Amino acid sequence: MKTVTESIFSGKTHIIPMAEVHHIERDMREDYSDAVIVVLNGTTWNVGMDAYNNSAYLRHEEASAFLSCWCRYRAELECESLADLSPDEIIPGTLKALHELGRGDS
């Protein structure tokens, strides 16, 4: 069974259970590049306001801390199922051939 170091983010203004995170959006408005919107599994969309009803909005250090925790959580959760995408693993001999091309060997 997969285990994670921490499954709940506890920040300055929000406590977020990591398993409930559906996705994360960056706030693309000018002067808000340090902010993220954390959309949870139960988050709904308000058509009239054109915004989420119950998402978590994080800024500054809290947003940065959350993103770090989220990346660590997902990496720990998925570590056994992540594919090794190094070229040599996908196509055996790729790295050797690339190095020979770079040296001009034939």
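Report follows, based on the coordinates. (Residues numbered from 1 in each chain as written. Predicted model: local features only at pLDDT ≥ 70, side-chain atom pairs only at ≥ 80, totals over all residues. Heavy atoms only, no water.)

1. Observations concerning the sheet that holds strand β7 (residues 56-58)
Stated formally: At least two DSSP bridges between two strands are needed for those strands to be called paired. Helix and strand assignments follow DSSP, with helices taken as H or I runs no shorter than four residues and strands as E runs no shorter than two, numbered in order from the N terminus. Orientation is described by lines fitted to C-alpha atoms, with helices fitted over the stretch in contact, and by angles between N-to-C directions that extend from 0 to 180 degrees. For this analysis, residues touch if any pair of their heavy atoms sits within 4.5 Å.
Spatially, β3-β4-β7 is the arrangement adopted by the 3 strands of the open sheet, whose pairing is antiparallel. Looking at which strands have only one partner, the edges of the open sheet turn out to be β3 (21-26) and β7. Averaged over neighbouring strand pairs, the angle between their axes works out to 20° when direction is ignored. Across the face of the sheet, helix α1 (residues 60-78) comes into contact with β3, β4 (36-40) and β7 while running at roughly 135° to β3.

2. Points about the nonpolar core
This is how the line gets drawn: Definition of nonpolar core: a set of buried residues of the types Ala, Val, Leu, Ile, Met, Phe, Trp, Tyr and Cys, connected through side-chain atoms within 4.5 Å. Accessibility here uses a 1.4 Å probe with only protein chains present; expressed as a share of the type maximum, an area under 20% marks a residue as buried, one over 50% as exposed, and anything in between as partly exposed.
Ranked by size, the top nonpolar core spans 12 residues in total: Phe9, Ile16, Met18, Val21, Val36, Val38, Ala56, Leu58, Ala63, Phe66, Trp70 and Tyr73. Only β4, β7 and α1 provide two or more residues apiece to this core. Leave out the neighbours within four places in its chain, and Ala56 touches His14, Ile16, Val36, Ile37 and Val38.

3. Looking at the pattern of salt bridges
Test applied: One side-chain nitrogen of Lys or Arg within 4 Å of one carboxyl oxygen of Asp or Glu is enough to make a salt bridge.
A full pass over the atoms with the stated rule returns 4 salt bridges. Among the salt bridges present, the one from Asp27 reaches Arg29, with a minimum N-O distance of 2.7 Å. According to the relative accessible area criterion, Asp27 is buried, its value standing at 7%. Between Glu78 and Arg74 there is a salt bridge, with its nearest N and O atoms 2.2 Å apart. With Glu78 and Arg74 both in helix α1, this residue pair falls 4 residues apart, about one helical turn. Judged by its relative accessible area of 25%, Glu78 is partly exposed.

4. Observations concerning unusual backbone geometry
Not every positive phi belongs to a glycine, and Asp50 is a case in point at roughly 55°. In this model, His60 sits at a positive phi of 55°, which is unusual for a non-glycine residue. Inspection of the secondary structure assignment puts His60 in helix α1.

5. Some details on the environment of Ala19
Among the structural elements, Ala19 can be located in the loop between β2 (15-17) and β3. Since its relative accessible area comes to 55%, Ala19 is described here as exposed. The spacing of Ala19 and Tyr73 is 54 residues in sequence and 9.3 Å in space, taken between C-alpha atoms. Beyond its immediate chain neighbours, meaning those up to four positions away, Ala19 contacts Ser7, Asn41 and Tyr73.

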